[in-house]
Amino acid sequence: MILALDTSCDDTCAAVTAGSTVLSNVISSQAAAHERYGGVVPEVASRHHVELINPVVDAALAEADTTLDDVDAIAVTTRPGLIGALLVGVSTAKALAAAAGKPLIPVDHLLGHVAAAYLEPEPLRPPFLALIASGGHTLLAGVEDRDRYELLGQTLDDAAGEALDKAARLLGLGYPGGPAIQRCAADGDPSAFDFPVAMSRDPRLDFSFSGLKTALAYVVRDLSDQALAASRADLAASFQEAVVDQLVSKLARALDAGSWEAVALGGGVAANTSLRARAGRLCEERGVRLKLVEPELCTDNAAMIGAAAEYLPVLPFPDYLELDPIAR
Ligand code: KG4
Ligand code: ZN
């Protein structure tokens, strides 16, 4: 049984996992604290983590009906993320581990997003191709072993979630942008506006989203407030479609380039219903298995950190006291 912590961005997360089973998964979202700024303010995030981490850990242990004494190890995200935010989780994990006489397992947040696929229901086993799209990262990874992945392609500028967050701000839809765009897009026509699908002719597996955001900024700039209100849903639907198009076309290209029999989607953007449906159709056409991680395990959480920790080296006391968080 592992107690896992993640404080890499603006969610304060703790979970208890046992193998592929999630015994508890507590997420205290700070979205309300950051909404007025239209994005995450690092110092605000750190301060909230300090206040929230102990009650969130207590809640995770209580929900799993266990105690610190009964867990085998403590896992924590040490990289990448906001440095001050990571520091809160790492310091807390060290203190808990030292006080309870438990070992510590440092985990890379992105490996955590991949490892969400190892959780119930219907856990996936390597080898598989993973598409991870979040607020900070967008990448395609070849997963042959559970303790690492091979980077096949990544974004050259903005992450997919970052593009959705910026688009939501331009459209006056609030933060976090991905879910807001998805809601607004439900009433819109995805073919109403023709946004560029970047990198479509580029044979590599890299992504680019910054041009898409600039294209939206130009369209919005030329619209009156009234015209923007009238076409907001169409803009949201068309923008979301362009983001999903790029993700799915690169996923298709990665499938062409390898001999993968399974695909996993992860990261906050993988909670998107349009992306899930489009990836579902692609995988059905190609005859490959698609593992759709539960939406609450796509966005940041600590259960995925526990899932990754199962297969990572364990540091005994006092070795982990030297551990520092790393931003990148
Ligand atoms: O994985 P995550 O929770 O945090 C990072 O590691 O970045 O991803 C957050 C990102 C945000 O950009 C958010 O707008 C996006 O995931 N997101 C979504 C949805 N839910 C969250 N994007 C599209 N559709 C969603 N339903
Ligand atoms: Zn994340």
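Residues numbered from 1 in each chain as written. Chains lettered and ligands numbered in written order. Predicted model: local features only at pLDDT ≥ 70, side-chain atom pairs only at ≥ 80, totals over all residues. Heavy atoms only, no water.

Undergrad: If you had to explain the state of the cysteines to someone new, which residues and values would you point to?
TA: Under the counting rule described, the total for this entry stands at zero disulfides. Between C13, a cysteine without a disulfide, and C9, which holds the nearest cysteine sulfur, the sulfur-to-sulfur distance is 9.7 Å. With relative accessibility at 0%, the residue C13 sits in the buried group. (Disulfide = S-S within 2.5 Å. Buried < 20%, exposed > 50% of the residue type's maximum accessible area, 1.4 Å probe, protein only.)

Undergrad: Tell me about the site of ligand 1, and name the residues and values.
TA: Contacts to ligand 1 come from 20 residues, most closely from G135, D165, G178, Q182 and D300. One of the backbone nitrogen or oxygen atoms of G178 is found 2.8 Å away from an oxygen atom of ligand 1. Residue D300 places a main-chain N or O atom 2.8 Å away from an oxygen atom belonging to ligand 1. Protein burial of ligand 1: of its 550 Å² of free accessible surface, 89% is covered by the chains. Secondary-structure elements contributing two or more residues to the shell around ligand 1 are α4 (109-115), α5 (160-170) and α6 (177-185). Here the shell around ligand 1 gets four residues from one element, more than from any other, and that element is α6. Looking at the shell around ligand 1 residue by residue, the class counts come to five nonpolar, 13 polar and two charged. Inspection of the shell around ligand 1 shows a minimum of three residues originating in each of domain 1 (2-114 + 299-322) and domain 2 (126-293). (Near = heavy atom within 4 Å. Polar contact = N/O pair within 3.5 Å; in protein donor to acceptor, adjacent residues only side chain to side chain. Areas by Shrake-Rupley, 256 points an atom, 1.4 Å probe, with all protein chains shown as cover. Helix = DSSP H or I, 4+ residues; strand = E, 2+ residues; numbered from the N terminus. Nonpolar A, V, L, I, M, F, W, Y, C, P; charged D, E, K, R; others polar. Domains from an automatic or database assignment.)

Undergrad: Pulling in residues and values, what's your account of the sheet that holds strand β10 (residues 289-292)?
TA: Taken in spatial order, the five strands line up as β8-β7-β6-β9-β10 in an open sheet, and their pairing is mixed. Each of the sheet's edge strands pairs with one partner strand only, and the pair in question is β8 (148-154) and β10. Strand-to-strand twist of the sheet, defined as the mean angle between neighbouring strand axes without regard to direction, takes the value 25°. Alignment of strand β7 (residues 138-145) against β8, held across five bridges, turns out to be antiparallel. What sits directly across from D145, in β8, is R148. Along the sheet face, helix α9 (residues 273-286) touches β9 (262-266) and β10 and points at about 160° away from the line of β10. (Pairing = 2+ DSSP bridges. Axes fitted to C-alpha atoms, helices over the stretch in contact; angles between N-to-C directions. Contact = heavy atoms within 4.5 Å.)

Undergrad: Tell me about the coordination of the zinc ion (ligand 2), and name the residues and values.
TA: Here the zinc ion (ligand 2) is held by H109 (NE2), H113 (NE2) and D300 (OD), and the distances to it run 2.0 to 2.1 Å. Between the four donor atoms coordinating the zinc ion (ligand 2), the angles at the centre fall across 94 to 140°, so the site counts as irregular. All donors of the zinc ion (ligand 2) belong to a single chain; written as a sequence motif, their spacing is H-x3-H-x186-D. Taken together, the positions of H109 and H113, both in helix α4 and four residues apart, correspond to about one turn of that helix. Here H109 matches H113 in class, with each residue buried. (Donors = N, O, S within 2.8 Å, 3.2 Å for Na, K, Ca; no water. Tetrahedral: all angles 85-135°; square planar, octahedral: opposite > 155°, others 65-115°.)

Undergrad: So, the sheet that holds strand β2 (residues 11-18): which residues are in play, and what are the values?
TA: Backbone-to-backbone hydrogen bonds pair the strands of a sheet. The strands run either parallel or antiparallel. Strand order in this open sheet of five strands is β3-β2-β1-β4-β5, and the pairing throughout is mixed. If you trace the sheet from one side to the other, it starts and ends with β3 (21-29) and β5 (104-108), each paired once. Within this sheet the neighbouring strands show an average axis-to-axis angle of 20°, counted without direction. With five bridges joining them, strand β1 (residues 2-6) and β2 adopt antiparallel strand pairing. Residue I2 lies in a different strand from β2, and its bridge partner there is T17.

Undergrad: Can you explain the layout of surface pockets? Please cite residues and give values.
TA: Taken as a whole, the largest pocket spans an internal volume of roughly 1,400 Å³. In terms of lining residues, the largest pocket is bounded by 47 residues, among which C9, S134, G135, G136 and H137 are the most central. By residue class, the composition of the lining of the largest pocket is 18 nonpolar, 20 polar and nine charged. (1 Å grid on protein atoms, 1.4 Å probe; cavity = no way out; pocket = protein on both sides within 12 Å on 5 of 7 lines; lining within 4 Å. Points joined across faces, edges and corners; volume = space filled by probe spheres on them.)

Undergrad: Talk me through the pairing of β1; I want residue IDs and the actual numbers.
TA: Among the five residues that make up β1, five are buried, leaving the element largely enclosed by the rest of the structure. Of the two faces of β1, the one holding I2, A4 and D6 and the one holding L3 and L5 are both buried throughout. Hairpin connection of β1 to β2: four residues between the antiparallel strands. In terms of strand pairing, β1 meets strand β4 (residues 73-79) through four bridges, oriented parallel.

Undergrad: Give a detailed account of helix α2 (residues 42-63), specifying residues and quantitative values.
TA: The end-to-end C-alpha distance of α2 is 29 Å, a good match for the 32 Å that 22 residues give at a rise of 1.5 Å each. The axis of α2 is deflected most strongly, by about 45°, at L52, and proline P55 appears within four residues downstream. All of the buried residues in α2 are A45, S46, H49, I53, V56, V57, A60 and L61. Where α2 is buried, its residues touch β1, β2, β3, α1 (31-35) and α3 (83-100). Among the residues trailing α2, D65 stands out with phi positive, at a value near 55°. (Expected span 1.5 Å × (residues − 1). Bend = angle between axes of the 7 residues up to and from the residue.)

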